[in-house]
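# Results of the structural survey
The lines below spell out each chain.
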Amino acid sequence: MVLPIDTIPGAMLRVDPAGGICELNQAAQKLDSGLAKDENLFDWISENSRENLKFCLHSENHNPDHSREFEASIGTRRFRFAIAGETCPDHSRFVQITDITEYRALSERVAMNEQRYRSLFTENPDAVCSLDLNGRLVETNHCTDHLTGFGKEQLCNAPWESLVDQADRDAARLCFDAALAGRPCSYRCTVIGRNGRRSIAEVTYIPTLADGEVVGVFGIARDKTERHRLEESRRLLEACMAQIQDVIIITETEPLDEPGPPIIYVNDGVERMTGFRPDEILGKTPRMFQGPETDARALERIRKALEARKPVKDVLVNYCKDGEPFWNEIEIVPIPAAGKAGKAYFASVQRDITQSMQRESELRRSREELRRLSQAQEQILEQERRRIARDLHDELGQTLTALKLSLGMALDDMNELLPDHVRRLEKIVGHVDEAVEKVRDISANLRPAMLDDLGFEAAAEWFLNECESRTGLGLQWNSEPSGESVLKGDVATALFRILQECMTNISRHSDASSVCVDYRESDERVTLDVRDNGAGFDPGKVRKSGFGLVGMRERVAMMGGDLTVESAIGKGVHISVMLPREEVTQ
């Protein structure tokens, strides 16, 4: 017996095997006004559901408790179709239709929310975990595993507090108790991970509620290790820069033209050096320190280096807040941009070197005074040598010569002298001869007369011949004079004394067998080169005694020239002197 369709609760259809609607109750008609008797259900449901309907209508099943179900859309609504397993005498079947549009939308929203929650949990960049009421870990994400170094299996049911450093456990416990009382709470702690690895974490506890009751705690641990390290580094850097006496300024790179790049950082040293507070300088440009005595050439050198983005170091005069000038040593380096979107900067270290410049100026002035004094002493010494040489040559030499002549005449006039007396007098005449020669040598060594009369070239050639005959050295003299003029005066004297010192050093210390002396003149300068093939020395090792090279350097410096010394152990010595030429005489 087939029950009347109106007596069956819910929206009901009786459908033949071809999908035709044999009858439907009022509830079914209310679902959609288009559903009516003799309509075909296949035409109303969505195309992807028609195979399910076909299968259910043609499936042979004599179990009355067994039904077939599927979902299908009619228009914009979603329905669940339940097909009775038992057929009617005419092979039709009852079909129950339930509108599940709102239910399905709610289910999809619940599923979406579940996916979002799961994604926030698992894909969170911070360590996220669920804790039970006893503080044990129930679930963790992969960042928790990375923070602690333990896997999910090892963390499951482990107390979170066991991963916290002993010194931070009281704070962790107080914060957890606050979360159990329904109050979110945060604290910072050190997490002791696997193999003792220590990480700084900012932990936040959020109570998990169900029906208004706290059923657990949701924990978020943000790894602050790198940030803590950077903050500590920054703190140390700021503390260090605050104590540094030098001024450190960081500016932008543009504009290099007026008004200049703005200052974005300056340390506390600027107040000690200039009197300006850091807050008075930020946003302004370093040009605020410039004034009337600031060297424009130094500024131009700095600008060219900044345009080329190259480091530069220079010294110029800047001004304090009260207008007092000071010498400022500035070193500027470019700071390249960090990545394509980053900005480049200039960093400068500035140092007040006023006292150093004053000491250097005083030292330079003292050196100049000493040099002038030394030059005056040298001139006095040369004058005294010239006088002594002249007195020896003219007075003592003439006296000895007269004595020799008188002794000779006495010998000629005293024929009655005994032979022994004659020999003694002849011997005395010989000693007088030797004394005359020694007086001439001493006079020549003190100040050869030809240096003043014939110039340096003639005096040098005579002196080298004397050295060769006295020492046995193989001497080679090469000269390239400039025309008929001869070099005299202070330059000639300086060159001759340097040549004397060189030959003295060679004869005493070098064990050389040959010496080559080259002398060249030009319209502007004269050059003297002395080379030997002796033992040489290490120029890097300054001798503790002896002033030969020191004297030569000082003599050359007084004349405004250059002296270079080249030597090596076993390679001999090469000394080169270049002096500016004084006015020459014909």
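This part covers the overall build of the protein chain. The helix and strand tally for the protein chain stands at 16 helices and 20 strands. When each of the 586 residues of the protein chain is scored for burial, the buried share is 36%. Partitioning the intrachain contacts of the protein chain with sequence separation of at least 6 by distance along the chain shows that 48% fall at a separation of at least 24. Per element, the accessible surface of the protein chain, about 35,100 Å² overall, is 52% carbon and sulfur.

Okay, the sheet that holds strand E11 (residues 247-252) next. Strand order in the open sheet formed by five strands is E12-E11-E15-E14-E13, with antiparallel pairing between adjacent strands. In this open sheet, the two edge strands, each paired with only one partner strand, are strand E12 (263-266) and strand E13 (312-319). Each strand of the sheet is rotated relative to its neighbour by a mean of 25 degrees, with strand direction disregarded. With eight bridges connecting them, strand E14 (residues 325-335) and strand E15 (residues 345-352) associate as antiparallel partners. Each residue of the ladder has a partner; that of Ile335, found in E15, is Tyr345.

Our focus in this paragraph is the side chain of His574. Within the fold, His574 resides in strand E20 (residues 573-580). Judged by its relative accessible area of 16%, His574 falls in the buried class. Engagement of the side chain of His574 in a polar contact is seen with the side chain of Asp529, the distance being 3.1 Å. Excluding residues that lie within four positions of it along the chain, His574 makes contacts with Asp529, Val530, Arg531, Thr564, Val565 and Glu566.

Quick look at the packing of helix H14 (residues 456-471) against helix H15 (residues 489-510) now. Two elements in contact, H14 and H15, have axes whose closest approach is 10 Å; the angle formed by their N-to-C orientations is 15 degrees. Considering the angle they form, H14 stands roughly parallel to H15. By crossing handedness, the relation of H14 to H15 is classed as right-handed. Contacts between H14 and H15 involve Phe456, Ala459, Ala460, Phe463, Leu464, Cys467 and Thr471 from the first element and Ala492, Leu495, Phe496, Leu499, Gln500, Met503 and Ser507 from the second.

One way to put it is that H15 packs onto helix H16 (residues 548-558) with a least axis distance of 10 Å and a crossing angle of 165 degrees. If you check the angle between H15 and H16, you find them roughly antiparallel. Along this stretch, H15 crosses H16, giving a crossing that reads as left-handed. Packed against H15, whose contacting residues are Ala494, Arg497, Ile498, Glu501, Cys502 and Asn505, the element H16 presents Gly548, Met552, Arg555 and Val556 at the interface. Residue composition of the contact of H15 with H16, by class: five nonpolar, two polar and three charged.

Along H16, the residues classified as buried are Gly548, Met552, Arg555, Val556 and Met558. An end-on view of H16 places all buried positions within 160 degrees of arc, on one side of the element. Phi for Gly560, located one or two positions after H16, is positive at around 75 degrees.

This paragraph deals with the pairing of E11. Taken together, the six bridges between E11 and E15 define a ladder with antiparallel strand orientation. Note on E15: the bridge partner recorded for Thr251 is Phe346.

In the structure shown here, the tally under the stated rule is seven aromatic pairs. Pairing Phe276 with Phe289 gives two aromatic rings, centres 5.9 Å apart and planes at 70 degrees, and the pair type is edge-to-face. On the criterion of sequence distance, the pair formed by Phe276 in the loop between helix H8 (269-274) and helix H9 (278-281) and Phe289 in the loop between H9 and helix H10 (296-307) is long-range, its members being 13 residues apart. Look at Trp477 and Tyr519: their rings are 6.3 Å apart centre to centre, the planes differ by 10 degrees, and that puts the pair in the stacked class. With Trp477 in strand E16 (residues 474-480) and Tyr519 in strand E17 (residues 514-521), the pair connects residues that are 42 residues apart, well separated along the chain. Like Trp477, the residue Tyr519 is buried in the burial classification. Taken together, the ring pairs connect Phe176, Tyr187 and Tyr205 into an aromatic cluster.

On to the sheet that holds E16, then. What the five strands build is an open sheet, ordered E16-E17-E18-E20-E19; its pairing is mixed. Every interior strand has two partners, whereas the edge strands, E16 and strand E19 (562-567), have only one. The average angle at which neighbouring strand axes cross in this sheet is 10 degrees, direction not considered. Examined bridge by bridge, strand E18 (residues 525-532) and E20 share eight bridges and lie antiparallel to one another. Note that in E20 the partner of Arg531 across the bridge is His574. Against the sheet, H15 touches E16, E17, E18 and E20, its axis set at about 5 degrees to E18. Taken strand by strand, H16 contacts E19 and E20, and its axis lies near 150 degrees from that of E19.

A separate point is the pattern of salt bridges. Counted according to the given criterion, the structure contains 30 salt bridges. As a salt-bridge pair, Arg303 and Asp257 come within 2.6 Å of each other at their nearest N and O atoms. Of this pair, Arg303 sits in helix H10 while Asp257 sits in the loop between E11 and E12, and the two are 46 residues apart along the sequence. According to the relative accessible area criterion, Asp257 is partly exposed, its value standing at 48%. Overlapping salt bridges, with partners in common, bring together Arg277, Asp279, Glu280 and Lys321 in one network.

Attention now goes to unusual backbone geometry. Residue Pro255 is reached from Glu254 by a cis peptide bond, and omega for that bond is -5 degrees. Here Pro255 is to be found in the loop between E11 and E12. For Arg309, which is not glycine, the phi torsion reads 55 degrees and is therefore positive. Mapped onto the elements of the fold, Arg309 is located in the loop between H10 and E13. Judged by relative accessible area, Arg309 falls into the partly exposed class, the value being 34%.

Looking now at the nonpolar core. In this structure, Phe456, Leu495, Leu499, Met503, Leu528, Val577 and Leu579 are the most contacted members of the largest nonpolar core, which totals 37 residues. For this core, the elements supplying multiple residues, two or more each, are H14, E16, H15, E17, E18, H16, E19 and E20. Among the elements that make up this core, the one with the highest residue count is H15 (ten residues). Filtering out sequence-adjacent residues up to four positions away, Leu579 remains in contact with Val491, Ala494, Leu495, Glu524, Arg525, Val526, Val556, Met559 and Gly561. Membership of the second largest hydrophobic core comes to 22 residues, among which are Cys175, Tyr187, Val203 and Tyr205.

Here the focus is the pairing of strand E5 (residues 93-99). Across five bridges, the pairing between strand E1 (residues 11-15) and E5 is antiparallel. Following the sheet pairing, Val15 is matched in E5 by Arg93. Here strand E4 (residues 77-84) pairs with E5 via five bridges, running antiparallel. Looking at E5, one finds that Phe79 is bridged to Asp99.

Parameters and conventions
Residues numbered from 1 in each chain as written. Predicted model: local features only at pLDDT ≥ 70, side-chain atom pairs only at ≥ 80, totals over all residues. Heavy atoms only, no water. Helix = DSSP H or I, 4+ residues; strand = E, 2+ residues; numbered from the N terminus. Buried < 20%, exposed > 50% of the residue type's maximum accessible area, 1.4 Å probe, protein only. Contact = heavy atoms within 4.5 Å. Areas by Shrake-Rupley, 256 points an atom, 1.4 Å probe, with all protein chains shown as cover. Pairing = 2+ DSSP bridges. Axes fitted to C-alpha atoms, helices over the stretch in contact; angles between N-to-C directions. Polar contact = N/O pair within 3.5 Å; in protein donor to acceptor, adjacent residues only side chain to side chain. Parallel < 35°, antiparallel > 145°, perpendicular 65-115°, else oblique. Left-handed = near helix turned anticlockwise from the far one by under 90°. Nonpolar A, V, L, I, M, F, W, Y, C, P; charged D, E, K, R; others polar. Arc of directions from axis to C-beta. Phe/Tyr/Trp six-rings, centres within 6.5 Å; stacked < 30°, edge-to-face > 60°. Salt bridge = Lys/Arg side-chain N within 4 Å of Asp/Glu carboxyl O. Core = buried A, V, L, I, M, F, W, Y, C linked by side-chain atoms within 4.5 Å.

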